[in-house]
Amino acid sequence: MISPVLSEQLDKTIKGTVIGHDGFPIPGVTIIIKDTNKGVVTDLEGKYTLKEVPNDAILVFSYLGMISQEVSVTDKSVIDITMKDDLSELNEVVVVGYGKQDKISVTGSVASIKTEEIKRSPSPNIVGALTGQLSGLTTVQNNGRPGSEDYSIYLRGVSTTNNSSPLILIDGVPRDNLTELDPNEVESVTVLKDASSTAVFGVRGANGVILVTTRQGSSKELNVSYTYEFGLQHLIYKADMMDSWDYAAMRNQALINDGYEPQYSDRQIGLMKSGTSPLYPNTDWYGIMMRDFAPMHRHNLNMSGGNDRFKYFFNVGYLNQKSFYEAQPEDEIGYDPEYSLTRYNFRSNMDLKVNDWISAGVKMGGYVNTTGGTTGSASNIYYGINDMNALTPGPITDASWKEYGALEGIAITPENVSNTNPYALMNFKGYNTQEKNNFSSTAFLDFDLGMITKGLSTKFMASFDTYSTSTLSASKSFNSYQYKVTEEETLQGDVYDAVSFTPESDIQLYTLSLSKSSGYYFKANYQWLLNYDRTFNNIHKVTGMVLAQRDNQEEALAYNYLGVAARGTYMFKNKYMAEANLGYNGSEQFAEGNRFGFFPAGSLGWVVSNEPFMESVDFISKLKFRASYGKVGSDKIGGNRFLYQDAWNITTSGNINTISDYAAYETLIGNPGITWEVAYKQNYGMELGLFNNDLSLSVDVFREKRENILLTRETVSDAVGLSGIYPKVNAGIVENKGFEIELGYRKRITNDFTFANRSIFSYAKNNNVFSDEAIQGEDYNLRYESQGHPLNSNVGYLVDWESEGNGYYISQEEINLYSYASGTPRLGDLKYKDLNNDGVIGPEDKDIIGFPTIPQITYSSTFNFDYKGFNLSLMFQGVAQVTKSYGIAGIYEYGEPGSYNDFQRNSWTQERWDNGQPISAPALSAYTASSSHTENDYYNSDISYVRLKTAELGYNFSKSVCDKLSLKRLRVYTNGSNLITWTNSRFTHLDPEAFRAHYIPIAQIFNFGLNVTF
């Protein structure tokens, strides 16, 4: 029996408070009894109480980003601790190509974010959640259709006329299904931007690399987390449909401008305004076709845990997203034509420590992705909404039109407009359902070869991914009337309205025509790595990596990659770093004997803040310089494969009886010298931390020269006889340069309040040095339209905004001063500059308009506020130096029946000019394009914008509340995306990011969420 005195000596209660260097308490610090699993966590006031602590115990205090401390209990009952920030970065690792490195030793240009930052965005697509989060990364969303957002991704702008998409690796394996990942299964996303970090990818690294690491288990206790989110998508950008009377007035003006009689009388316009006649309606086609809000639901359940031998992470996710298009219910038309996305995600990552020197693991993941919609294309439906006018009744005929000979339930379109009724395209064309499935698996064995030499290990990894698609299409046509109402007069002079419904074809019963297609392919990846990581005498740190890899993709034509890579690093006293990388790999895109290439890179680094002479400069926590140079390749040289071989087409006369019924012709002469693009990259960086890293600054300056860009020769004369089939050559040259700045600040202002900010500014400008473009004559202002200019530049006429008419022709005498190569302008048309001063306005006067179509500047600024249990996050994101052409439907007004927008309300008229009224658009046209309807700097607009990209307000319930509910964590939050936009665009009814007017617009999202951790 143990005496009470002895028991008291063996077990005691320890209390205390943990604070930071600033004197404020730190919640969430872990205190455990060393060599046991027993411990507690500090509360919001930094306090803790640990019971039944042996007198000879050692307490371990640990917190992320701070130096762990060990304290002997001995005779203490109160232990207060001051934690110090871990400024050395020795324990912080960064994911790099085929491995990890200590952050302090990284000498390349790398940026990364964690899952917490990704999940602040309610975007259903993880690429959307990355927007504005990483320096050098530009994302552009081109469509708002669920499951088909059509994102474009660029790293440090564009450096080639061919494919500029970066290589994407998920858990170290090249995979192209980033957009289908569930954000909850992602641990981190890292971008590699310079040659030092991408050379190991050799022939696939020139466009940069995106590394996605999925979550893994831990040796801690089981955690089960459930999240539910409900979102409302709101359409903020849409054309301002004219009321019927405004439409009629603008149509009349367009006809007058073109020399025609007005179409609508004052009496008819009066009936439109009064709303007393069903023959002159004011139909709201947007109201018919578009929802104000489209719902989105997301569920996620994940669990993680393990012990020292086995760790696991499991995740299942569900997403259901509807579109803005309003569809008829399935029980009314027999099928569901609504655009929608339903996705199920799953992941299972397991790690096993077999013994002291063997580890193994399996990573499995996948998705079932189902998109629904009509067989009428989304773009045609949006075209249809804009093509319809408020004077067209609809969307379909009802019983009231029988007296005019119209059958009930038939689609209605304006006169001379065929099959564009958006309601019919949505509901009467049938349905289309596509299912995409993916199963990805990776298994690895890791051997610690420390028995041979300390720090040596080897790893074998094999991955096998399957992809399948299945599409069921049920299509049909529909009946349609063209509606016409005209004002007629009787012999007695009485005015009446004549109405006609003209069938576009014989009215008939259309039935669904079913078709089904499917596809399947698989990818296999095999890797062997030899790693070395050792520190000698706590001074010399040496690491090395050798990799052998093979990629195989089996589909209609197999794809194969084969190669080796190596990396070596050296660090002396955590101050001086050197790194060498190389890739030697090949692609079957090229001819035998020309398939493999060598891609070396090197980098240096100097951590000045670790020098002895910096010890007295206590306000500088970190100062590091780094530089890199190297050569990287790209085999993304266009959509065609095997360009080293001649290409032939074989056709028949239709009757295949003899050899003479066949015909063969060459479509391309092969070039056996075809090879990869080569990028020579330089990068110079500086990292600065001040005041215990409360304030941080990172600057990178880069320069790239891309050579061997594949192109079609333009300077070869057609007299050679090879027009259209001349072999492609590696001759293009593009230079790209710029810089990136990242500024961070984090400060605990009071015990309850913390503020943080992270701001990013990226600039990248390229120059198309050589593209073999044929030079124009000396009378051309712009002798090259692409060569010598940035890629994706806009070319057209410059409006003479400083002319007497402020950019518009205001008199016939002014028009007569010039000759015109393509149509004489009218009064009120745009007046172009005669740049070559020859008295003729023609193609010789074209010039570069504004900036390229891909932003040269991207920036963002994220603000985080934490007060007690509340947290608020705001991210502003924007682009600049970007111009896009809007010469598309939804902008040009001419045609039948004419489409007019709000920006054209103040179009040029003689009366408006004479009265000195504001003019915002050239004179309207009725049936055909005027001289204004061409590429010019009116219809090419600056689309620079800044928007409140994401905002989140959340509350974490206190530990006492969670304990009462038997929960580890309870959080409620609301967030949103695309909340407010400020833009320079002239065309404010179009989203400046997704400028294509004929696609489903980008959504504004309001989201509400609940997260529970058990």
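Please read all numbers here as calculations on a predicted model, not as lab measurements.

Caption draft 1: Quick look at the packing of aromatic side chains. If you walk through the whole model with that rule in mind, you get 48 aromatic pairs. Between the aromatic rings of Phe870 and Tyr955, the centroid separation amounts to 4.5 Å while the plane-to-plane angle is 45°, which identifies the pairing as tilted. Here Tyr955 lies in strand β47 (residues 945-956) and Phe870 lies in strand β44 (residues 870-880), a separation of 85 residues in the sequence. Its relative accessible area of 24% is what places Tyr955 among the partly exposed residues. In textbook terms, an aromatic cluster arises when at least three aromatic residues are bridged by ring pairs, as seen for Tyr886, Tyr892, Tyr894, Phe903, Tyr938, Tyr939 and Phe987. A cation sits over an aromatic face here: Arg204 above Tyr561, 4.2 Å from the ring centre. A cation over a ring is seen here: Lys459 above Phe444, with NZ or CZ 4.8 Å from the ring centre.

Caption draft 2: A look at a nonpolar patch on the surface. Together, Leu562, Val564, Leu582, Tyr584, Phe596 and Phe598 give the surface a local cluster of nonpolar side chains, amounting to about 520 Å² of exposed area. By secondary structure assignment, the location of Val564 is in strand β29 (residues 559-572). On the accessibility criterion, Val564 (39% relative accessible area) is partly exposed.

Caption draft 3: Layout of the sheet that holds strand β3 (residues 39-41). The strand order across the open sheet built from four strands is β3-β2-β5-β6, with neighbouring strands paired in antiparallel fashion. The open sheet terminates on both sides in strands that have one partner only, identified here as β3 and β6 (69-72). Neighbour-to-neighbour, the strand axes of the sheet open up by a mean angle of 20°, direction not taken into account. The sheet contact formed by strand β2 (residues 30-33) and strand β5 (residues 58-62) spans four bridges and is antiparallel. Residue pairing for β5: Ile33 is matched across the bridge by Leu59.

Caption draft 4: Quick peek at helix α6 (residues 266-274). All buried positions along α6 are accounted for by Gln268, Ile269, Leu271 and Met272. The arc that holds every buried residue of α6, seen down its axis, measures 155°, which confines them to one face. For α6, the exposed residues lying more than 90 degrees away from the buried face are Asp266 and Lys273. Looking at the packing, one finds that the buried side of α6 touches α5 (244-257), β25 (480-489) and β26 (495-503). Downstream of α6 by one or two residues, Gly275 has phi in the positive range, about 70°.

Caption draft 5: Local environment of the pairing of strand β27 (residues 513-536). Note: strand β24 (residues 456-475) against β27, 20 bridges, orientation antiparallel. Residue pairing across strands places Ala462 opposite Tyr526, the latter belonging to β27. Where β27 lies against strand β28 (residues 540-554), 15 bridges are found, and the strand directions are antiparallel. When the sheet's bridge partners are listed, Leu530 is paired in β28 with Val546.

Each value, and the rule that gives it
Residues numbered from 1 in each chain as written. Predicted model: local features only at pLDDT ≥ 70, side-chain atom pairs only at ≥ 80, totals over all residues. Heavy atoms only, no water. Phe/Tyr/Trp six-rings, centres within 6.5 Å; stacked < 30°, edge-to-face > 60°. Helix = DSSP H or I, 4+ residues; strand = E, 2+ residues; numbered from the N terminus. Buried < 20%, exposed > 50% of the residue type's maximum accessible area, 1.4 Å probe, protein only. Lys NZ or Arg CZ within 6 Å of the ring centre and 35° of its normal. Patch = residues over 30% accessible without salt bridge, like charges linked within 9 Å, V, L, I, M, F, W, Y side chains within 5 Å. Areas by Shrake-Rupley, 256 points an atom, 1.4 Å probe, with all protein chains shown as cover. Salt bridge = Lys/Arg side-chain N within 4 Å of Asp/Glu carboxyl O. Pairing = 2+ DSSP bridges. Axes fitted to C-alpha atoms, helices over the stretch in contact; angles between N-to-C directions. Arc of directions from axis to C-beta. Contact = heavy atoms within 4.5 Å.

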